[in-house]
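# Remarks on the overall topology
Residues per chain, in single letters:
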Amino acid sequence: MISVSIIFFSFSSAVALFFLSYVVYHVIIAPRSNPLRKLAGPPLNGPLHNHMSPVLDPFRSPRTHAAYVEKYGRNVRIRGLGPWDERLLPLDPVSVAHVLKNSTIYEKPWQSRRLITSLIGCGMLAAEGHVHKRQRRVATPAFSIQNMRALVPLVFSKGEELKDKWMNMSQAVKEGHVASENPNSGQVEIDVCHWISRATFDVIGLAGFDYHFNAIQNESDELFAAYKEMFEIAVSQGDGVRTVLGIYFPIVNRLFPDKRAKTVHRCQETIRRVAGKLVQQKKTRIMDGEKSGSAYAGKDLLSLLLKSNIATDLPPDQRISDEDILHNINTFMFAGSDTTSLALTWTFLLLAKHPDVQTRLRKELLSIVPTTPLSRLSPEEIESLHNTLQNLPYLNNVCRETLRLIPPVHSSLRVATQDDEIPVSYPVHLSDGTISEQKSISVPKGSFVHVPVEAFNLDKGMWGPNAWDFDPDRWDHLSEDVLSLPGLYSNLLTFSAGPRSCIGMRFSMIEMKSFLYILLTTFTFTETNKRIYKANVVLTRPYVSGQFKKGSQCPLIVTPLKSIATS
């Protein structure tokens, strides 16, 4: 009995000693030899202090990034979650381009991938390596220019439906069914964020898998409710400590699920049942069409994805499973509805804050309005109208300026999967106060690299002293520095860059310009007396001051143009 106790004690001591040694090495010894410690960076106020809040909070981050560049140069060392987590914050375009281009060296951290996978599965947002490459290859044909153009009439129809809904709300004010300070004008306060989100869900439901959420009219559809609840409640309102605990110890959520975990599980069950059934129905129709010689004509992304997946020129080992297809539909739902609705919401808020820009843009849009109402135009006529819309110079400038000033994705994180040398184009400031002319920075395997999307878009050194202002005219005279910046769209990092850039960028721009055209040629938008601020909650979202727990909101005064003309 004594010998067993001694053995148990010895084993426990060995395990404890090993664990203690592991912690000491990674927390104290290894960080001291990290080459990133040689870089200049902001001071720490204690061993547990970090720089995440000023870097990630969009209210503070523009000033933070500007101060870092001035004091520490364009490649800055920052502290992550602990003493072992020295991160690189690159504000050098050459350095960032290298990180985004080499996606096999700089991957999303496993922590980010586990969080994303726990919500929407391992689609293109979470997949890495050959899995991501295979999924992207199958999905790329679905996002071709031709296929995106075919979805234009659908987007216009939902824009019209949203316009009619808002017009009915305005009419209810006129008729005295809803209280208003100026009922005769039809002015109505509308939470633009809420309603545009419902509209973009409708669009991506039809464009994604030919499913009618009917969210503009009501929010009763069970699949819509599942997606919406999972994205908004489980993600936006999640407890930070519990979320981190669930990432590192997933068993906690399985054994002791909190409200968030139960909500996610319930929503996922609905999505698997309803959306999974849609996948099988589409697959059957496509296979039946193949057998009969009459190809299934579905133009939604799910149909195109399934067709691409069984294409004869695609090797069998490059095809993806039905589960992967469902995960990517979930990814399209998240990326295709939330990001675009937020971009549109911020655009309307900025236009409300800058009525001169709103008036000028409306004038340009009204100049192309056809004599025939949109509801009576043929699909070909709508596509022709959109082609004209796509080339309007001031509309282009306004869209680019909004996406520059308030990118929905504030920043992203990458981890080095091997030791690497990141090239630089600016002198490197070192921790000893000297400035080096070295050509690269050594980044050890396992180091995090913080990709500051917003910081690049607001860099005064690149965009000029008015970089933090809303100025659509800047796009008519860009500097050489701006034209050399990396980015999939207009030298902006808003849609990222490199192999992992946003595959749905074209579709997002179709939605954005179509909705702006329909709504701005029907309504004017002015601010309320409520203060709207930005918060980085997965994405950069608008909140009403003092009402954070109510979720994203952006109330604006919406007035029909006809009411203004007759008042």
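Our structure is the block above this text.
Bear in mind the structure is a predicted one, so any value in this text is a computation, not a measurement.

Rules of the game
- Residues numbered from 1 in each chain as written.
- Predicted model: local features only at pLDDT ≥ 70, side-chain atom pairs only at ≥ 80, totals over all residues.
- Heavy atoms only, no water.
- Salt bridge = Lys/Arg side-chain N within 4 Å of Asp/Glu carboxyl O.
- Helix = DSSP H or I, 4+ residues; strand = E, 2+ residues; numbered from the N terminus.
- Buried < 20%, exposed > 50% of the residue type's maximum accessible area, 1.4 Å probe, protein only.
- Pairing = 2+ DSSP bridges.
- Lys, Arg positive; Asp, Glu negative; His and termini not counted.
- Polar contact = N/O pair within 3.5 Å; in protein donor to acceptor, adjacent residues only side chain to side chain.
- Contact = heavy atoms within 4.5 Å.
- Patch = residues over 30% accessible without salt bridge, like charges linked within 9 Å, V, L, I, M, F, W, Y side chains within 5 Å.
- Areas by Shrake-Rupley, 256 points an atom, 1.4 Å probe, with all protein chains shown as cover.

Time to look at the pattern of salt bridges. The full count for this structure, using the stated rule, is 23 salt bridges. Arg37 is the partner of Glu86 in a salt bridge, and the nearest nitrogen-oxygen pair spans 3.8 Å. Remark: Arg37 occurs in the loop between helix H1 (2-32) and helix H2 (52-56) and Glu86 occurs in strand E2 (residues 86-90); sequence separation between them is 49 residues. Take Glu86: its relative accessible area is 4%, and that puts it in the buried class. For Arg37, a relative accessible area of 33% translates into the label partly exposed. For Glu269, the salt bridge goes to Arg272, with nearest N and O atoms at 3.0 Å. With Glu269 and Arg272 both in helix H13 (residues 259-292) and three residues apart, this pair spans about one turn of that helix.

With that out of the way, let us pick up the pairing of strand E12 (residues 532-537). Relative to strand E13 (residues 539-544), E12 runs antiparallel, the two sharing six bridges. The residue bridging Lys534 from the neighbouring strand is Pro542, located in E13. Two successive antiparallel strands, E12 and E13, enclose a turn made up of one residue, where Val538 displays a positive phi of approximately 70 degrees.

Time to look at the side chain of Asp221. Within the secondary structure layout, Asp221 lies in the loop between helix H9 (192-209) and helix H10 (222-236). Salt bridges are absent for the buried Asp221, whose nearest opposite-charge side chain, Arg273, sits at 9.5 Å. Polar side-chain contacts of Asp221 include one of 2.9 Å to the backbone nitrogen of Phe224. The residues contacting Asp221, other than those within four sequence positions of it, are Tyr211, His212 and Phe213.

A surface patch of nonpolar side chains, amounting to about 1000 Å² of accessible area, comprises Leu81, Trp84, Trp110, Val244, Leu245, Tyr248, Phe249, Ile251, Leu255 and Phe256. Breaking the nonpolar patch down by element, the ones donating at least two residues are helix H11 (240-248) and helix H12 (251-255). No other element matches the three residues that H11 contributes to the nonpolar patch. In this fold, Leu81 is placed in the loop between strand E1 (75-79) and E2.

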